[in-house]
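Spelled out, the chains give:
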Amino acid sequence: MGLKIVVGGDNAGFNYKEALKADLEADERVDEVIDVGVTGTDDDTYYPNVATAAGEKVSGGEADRALLICGTGLGVAISANKVKGIRAVTAHDIYSVQRSVLSNNAQVLCMGERVVGLELARTLVKEWVGLEFDPNSSSAAKVDAICAYEGD
């Protein structure tokens, strides 16, 4: 069974969100892509509203992961991390994307349209989709400690 992935961002990340959404919809490893906004570059919905909506879908079990794009990837990560149970990261290189899932079991990947080139973003998302956290890994206890602090 494939992944259900939420995508979202603000108007500063709209173009990448649309391109990456199309890539995800074409990826056979993805069963469903849920778009929580924004609807265009003139949509001035604040990124915290979109990021928390995406985080709620993941924490509520409606989706497995979320991909969030804003100008830097920082604001959406901060916002998504306010949702209980969410581990969101900003990553613009392959190693960080890999470790975000393999070491930290992060469910939310955030990027900045003003920071990373589109082709690199596409490569990173393609890699991210194929990663899976191993609950028996040496990192599992550390992720458990994060969850324990939060009260999960």
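Reading the values: the criteria
- Counting from 1, residues in each chain are numbered in the order their sequence is written.
- Totals for whole chains, interfaces and linings use every residue, but because this is a predicted model, local features are given only for residues with pLDDT of at least 70 and side-chain atom pairs only at 80 or more, for both listing and counting.
- Values shown for side chains rest on all heavy atoms present in the structure; no hydrogens or waters enter the calculation.
- We call a set of buried Ala, Val, Leu, Ile, Met, Phe, Trp, Tyr and Cys residues a nonpolar core when their side-chain atoms join them within 4.5 Å.
- For each residue, the accessible area found with a 1.4 Å probe, counting protein chains only, is set against the maximum for its type, and the residue is called buried under 20%, exposed over 50%, and partly exposed in between.
- Elements are defined by DSSP. Helices are runs of H or I of four residues or more, strands are runs of E of two residues or more, and each kind is numbered from the N terminus.
- Residue contacts follow a heavy-atom distance rule, with two residues in contact if any of their heavy atoms lie within 4.5 Å.
- Points on a 1 Å grid, built from protein atoms alone, make a cavity when a 1.4 Å probe fits but cannot get out and make a pocket when they are open with protein on both sides within 12 Å along at least 5 of 7 lines; residues with an atom within 4 Å of a point are the lining residues.
- Grid points are joined across faces, edges and corners, and a volume is the space filled by probe spheres set on the points.
- A pair of sulfur atoms, both from cysteines and within 2.5 Å, is called a disulfide here.
- One side-chain nitrogen of Lys or Arg within 4 Å of one carboxyl oxygen of Asp or Glu is enough to make a salt bridge.

**Q** Sorry, what's going on with the nonpolar core here?
**A** Note that soluble globular proteins tend to have their nonpolar side chains buried in a common cluster. Leu24, Leu67, Met111, Val125 and Trp128 are the most contacted members of the largest nonpolar core, which has 22 residues in total. At the level of elements, strand E1 (3–9), helix H1 (14–26), strand E2 (30–35), strand E3 (65–70), helix H4 (94–102), strand E5 (108–112) and helix H5 (118–129) are the ones that each hand at least two residues to this core. The element best represented in this core is H5, accounting for five residues. Filtering out sequence-adjacent residues up to four positions away, Val125 remains in contact with Leu20, Leu24, Leu67, Leu109 and Met111. Core analysis: the second largest hydrophobic core is formed by 17 residues, Val6, Cys70, Ala80 and Ala88 among them.

**Q** Help me understand the layout of surface pockets, please; the structure alone is not making it clear to me.
**A** The calculated volume of the largest pocket comes to roughly 250 Å³. Together, Leu3, Asp64, Arg65, Val101, Asn105, Ala106, Gln107, Val129, Gly130, Leu131, Glu132 and Phe133 line the largest pocket.

**Q** Honestly, the environment of Ala88 in this entry has me stumped. Any pointers?
**A** With respect to the secondary-structure elements, Ala88 resides in strand E4 (residues 88–90). Residues Ala88 and Asp31, spaced 57 residues apart in sequence, show a C-alpha to C-alpha distance of 21 Å. Those residues within four positions of Ala88 in sequence are excluded, and the remaining contacts are Ala77, Ala80, Asn81, Val108 and Cys110.

**Q** What am I meant to see in the state of the cysteines here?
**A** By definition, a disulfide is the covalent link that joins the sulfur atoms of two cysteine residues. One pass over the structure, following the stated rule, counts zero disulfides. Cys110 supplies the cysteine sulfur nearest to Cys70, a cysteine that is in no disulfide, at a spacing of 7.4 Å. Given the relative accessible area of 3%, Cys70 is considered buried.

**Q** What is the right way to look at the pattern of salt bridges in this model?
**A** Side-chain pairs of opposite charge can arise where the charged atoms are in close proximity. Enumeration according to the criterion identifies eight salt bridges in this entry. The salt bridge involving Arg122 is made with Asp23; its shortest N-O contact spans 2.7 Å. With Arg122 in helix H5 and Asp23 in helix H1, this residue pair connects regions lying 99 residues apart in the sequence. Relative accessible area serves as the criterion here: at 30%, Asp23 is assigned to the partly exposed category. Between Arg122 and Glu119 there is a salt bridge whose closest N-O contact spans 3.2 Å. With Arg122 and Glu119 both in helix H5, this residue pair falls three residues apart, about one helical turn. On the basis of relative accessibility, which here comes to 54%, the residue Glu119 falls in the exposed class.

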